[in-house]
Amino acid sequence: MKNQFQQSVNKRMRVGMRQAVFLGGTSLLLALLLFMYASQEETAQKTEEILFAEEKFIFSPKVDSHYENPANWTPSYPGTHIQKHQEVIVQGFVNIPFYDLTIDGLLHVELDATIFSPNSQLTVGKTGTLYNDGEVILKHLHQEGLVNNNYSGKLNLHTFQADQSGRTYNLSGGEMIVTQSFTNKGEFNNYGDCRVKFDFDNEADFNQIGDSRLFVKGKLYDRQLARVLP
């Protein structure tokens, strides 16, 4: 009788433990699902805010190559300061001779498009983004936000400076050439080719990823040495 009672107790304990494990696992799963749903909702909300708040301006060299010519813009000329929730799309060749651009929204240089501004500065603000699928030729790139030099992109710069808030991605197939000085105080992720012909100053994270290559003064540095460059 005692053995039967003990067996009954043990059986109930085993069932109880299985139920507890099941309920605990179910609770954990539900918590994970709720977290994922909340994250997706937050991302969707941010995306929706951008989509509905942004204004799009498209440059196409219909009349000439001058950035400041309103006739080249649809629907209108956005000016040299791209505000938050504004998107500027560059198609074809655009010449920016003697004035600077500030990007607090999004600047997208499309495939086969070129920004030619060898005497000017482009500033990507903390809320700004530069997506480059074409070629960007600048005297100076001041980077405080997000720069994506994409798979077909080419950045040709005299000087480059990334502040602590700057996140720079030179993707596989992308090429970045700095003919004078390179200063990185933020996060730089190199998947492609980065060539610095003179001064290289890395004060933060310069990450060599995959088959990326970094040349400084013509010398090739591998992934292990990239972080300790002078």
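Details of the structure are given in the entry above.
Rules used in this analysis
Residues numbered from 1 in each chain as written. Predicted model: local features only at pLDDT ≥ 70, side-chain atom pairs only at ≥ 80, totals over all residues. Heavy atoms only, no water. Helix = DSSP H or I, 4+ residues; strand = E, 2+ residues; numbered from the N terminus. Buried < 20%, exposed > 50% of the residue type's maximum accessible area, 1.4 Å probe, protein only. Contact = heavy atoms within 4.5 Å. Areas by Shrake-Rupley, 256 points an atom, 1.4 Å probe, with all protein chains shown as cover. Polar contact = N/O pair within 3.5 Å; in protein donor to acceptor, adjacent residues only side chain to side chain. Pairing = 2+ DSSP bridges. Phe/Tyr/Trp six-rings, centres within 6.5 Å; stacked < 30°, edge-to-face > 60°. Lys NZ or Arg CZ within 6 Å of the ring centre and 35° of its normal.

Undergrad: Which parts of the structure should I look at to understand the overall build of the protein chain?
TA: Looking only at helices and strands, one finds one helix and 20 strands in the protein chain. Residue burial in the protein chain is summarised as follows: out of 230 residues, 41% are buried. Looking at the protein chain alone, contacts between residues at least 24 apart form 16% of all its contacts between residues at least 6 apart. Of the roughly 13,300 Å² of accessible surface on the protein chain, a fraction of 56% belongs to carbon and sulfur atoms.

Undergrad: Please clarify how the environment of Ser120 should be interpreted in this entry.
TA: Examined against the element boundaries, Ser120 turns out to sit in strand β8 (residues 114–124). The class of Ser120 is buried, set by a relative accessible area of 1%. Placed 17 residues apart in sequence, Ser120 and Ile137 show a C-alpha to C-alpha distance of 9.4 Å. Those residues in contact with Ser120 that sit more than four places away from it in its chain are Ile96, Pro97, Phe98, Tyr99, Asp100, Leu138, Lys139 and His140. At 3.4 Å, the side chain of Ser120 forms a polar contact with the backbone oxygen of Pro97. Separated by 3.0 Å, the side chain of Ser120 and the backbone oxygen of Tyr99 make a polar contact.

Undergrad: Can you walk me through the sheet that holds strand β18 (residues 205–208) in this structure?
TA: Each strand in a sheet pairs with its neighbour through backbone hydrogen bonds, running either in the same direction (parallel) or in the opposite one (antiparallel). Spatial strand order, β2-β1-β4-β7-β9-β11-β13-β15-β18: nine strands in an open sheet with mixed pairing. A single partner strand is all that each edge strand has here, and the edge strands are β2 (73–74) and β18. Judged from the four bridges that link them, strand β4 (residues 86–90) and strand β7 (residues 106–109) form a sheet pairing that is parallel. Paired with Val90 across the bridge in β7 is Val109.

Undergrad: Help me out: how do you make sense of the pairing of strand β10 (residues 135–143) in this one?
TA: The side chains of a regular strand alternate between the sheet's two faces. Here β10 lies mainly inside the structure; seven of its nine residues are buried. Taken together, the eight bridges between β8 and β10 define a ladder with parallel strand orientation. Each bridged residue has a counterpart across the sheet, and for Thr114 the counterpart in β10 is Glu135. In this structure, β10 lies alongside strand β12 (residues 154–162), joined through eight bridges in parallel fashion. Across the sheet, the residue bridging to Ile137 is Asn156, located in β12.

Undergrad: Hey, could you run me through the pairing of β12 in this one?
TA: Summarising the sheet, β12 and strand β14 (residues 175–184) pair through eight bridges and their orientation is parallel. Each bridged residue has a counterpart across the sheet, and for Leu157 the counterpart in β14 is Val178.

Undergrad: Just to check I follow, could you spell out the packing of aromatic side chains for this structure?
TA: Under the counting rule described, the total for this entry stands at 13 aromatic pairs. Members of the aromatic cluster, connected to one another through ring pairs, are Phe59, Tyr67, Trp73, Tyr77 and Tyr99. When the ring centre of Phe215 is taken as origin, the NZ or CZ atom of Arg195, which lies over that ring, is 4.2 Å away.

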